[in-house]
Amino acid sequence: MSRVLLLGAGGFLGRHIHAVLAAHGTVRAPSRARCDPARMELPELTALVAREGPDVVVSAAGRIVGSGPDFVRAHVVATAQLIEAVAVAAPAARLVRIGSAAEYGVVPHGLAVAEDHPAAPVSEYGLSHLAATRLAELAGDAGRLDTVVLRVFNPVGPGMPAGNMLARATALVRTAMADGADGIALGLHDTYRDLVDVRDVAAAVLAATRCGPVGGHRIVNVGSGRATATRDVVRLLADVAGFTGQIRPGGFPPDATRSAAVPWMCADVDRARRVLGWAPAYDLAASLRALWRADGEPSDRPVAGVAAG
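None of the values given here were measured: they were computed from a predicted structure.

Draft legend 1. Fine view of the sheet that holds strand β3 (residues 56-59). Read from one edge to the other, the open sheet built from 6 strands follows the order β2-β1-β3-β4-β5-β10, with strand pairing classed as parallel. At either margin of the open sheet sits one strand with a lone partner, and together these are β2 (26-28) and β10 (219-222). In this sheet, adjacent strand axes meet at a mean angle of 25° when their direction is disregarded. For strand β1 (residues 3-7) and β2, the ladder comprises 3 bridges, and the chain directions are parallel. Each bridged residue has a counterpart across the sheet, and for V4 the counterpart in β2 is V27. The strands touched by helix α1 (residues 12-22) within the sheet are β1, β2, β3 and β4 (94-100), with β1 carrying the most contacts at an inclination of about 170°.

Draft legend 2. Geometry of the pairing of β1. With 4 of its 5 residues buried, β1 lies for the most part within the structure. In this region the chain leaves β1, passes through α1 and returns to the parallel neighbour β2; the handedness of that crossover is right-handed. Of the strand pairs in this sheet, β1 and β3 are connected by 4 bridges, and their pairing is parallel. What sits directly across from L5, in β3, is V57.

Draft legend 3. Representation of the environment of A162 within the structure. Along the chain, A162 turns up in the loop between β6 (154-156) and α5 (165-179). Sequence separation of A162 and L237 is 75 residues, and the distance between their C-alpha atoms is 16 Å. In this view, A162 contacts A167 and R168; residues no more than four positions away in its chain are not counted.

Definitions and limits used
Sequence order as written defines the numbering, with residues in each chain counted from 1. Residue-level local features of this predicted model are given only where pLDDT is at least 70; pairs of side-chain atoms are given and counted only at 80 or more, and the full residue set underlies all totals for whole chains, interfaces and linings. Where side-chain values are given, they derive from all heavy atoms of the structure, hydrogens and water being excluded. Strand pairing is assigned whenever DSSP detects at least two bridges linking the two strands. Put simply, DSSP H or I for four residues or longer makes a helix, DSSP E for two residues or longer makes a strand, and each gets a number counted from the N terminus. To get an axis, fit a line to the C-alpha atoms, keeping to the stretch in contact for a helix; angles then go from 0 to 180 degrees between the N-to-C directions. Two residues form a contact once any of their heavy atoms are found within 4.5 Å. Using a 1.4 Å probe on the protein chains alone, a residue whose accessible area is under 20% of its type maximum counts as buried, one over 50% counts as exposed, and one in between counts as partly exposed. With strands facing away from the observer, any crossover in which the path from the first strand over the helix to the second runs clockwise is taken as right-handed.

Below you can see the structure in the form of structure tokens.
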């Protein structure tokens, strides 16, 4: 059984990752107030890692909103600090970093993007994640640490941040159903996304903590392997909820420009199968049912009209 040091356990992904890891080993999950690699002095971080004595360090900490400097601190500085601390205090440990599909940038429509596809991010968010990934790759290739980066596509499930499009859609549908409204207004771009169940993401992290040497395959995509039109995703959510009203165009949220800049995204998950022994287990309808049930309201309605995956 591994002893895991998990950073970012209070976040959307982190909470699910913590639950899965804790069922298979000992997990230490210090709060951000106690352990923030982006802001701690290196000796302090190194001492904390030494005290915990982990076999694996999982970094699920980061941020999805903010400015360029915010993203650099949260992803690049945090990763650089963590690499140094782990290399000194627990050099035999594996470092698993949660990256992002935003590292790829724009890819051709219809392509299931593989890990060796050129990375050309179009946002400060994606660029900061890519820089952090490169730092982890360099440390691994130089033999300083055993490193793995999981490039997570669009996670979906209970506990999604309020600013997320699906979280907004869920809240709007709930309000419309409670008020007896005949529709909702939601700003949606003509984009396609690979939505992966957050439970599958957590399972991939567990697999990354337990698999054998990854060799030169340090970056591993974690997605569903399917792309779905954003409009169809919202309609499927409404169907899961039993909402038959219209979904009308509405205002776009502040982060919509970043999303619209990448019209298509879909993961090639073959490497995950080969290296981690992992494959997604949940289809999109199941993920949306879990999201809808998050506050205890069940939905067992059959879903028709949209492919559930």
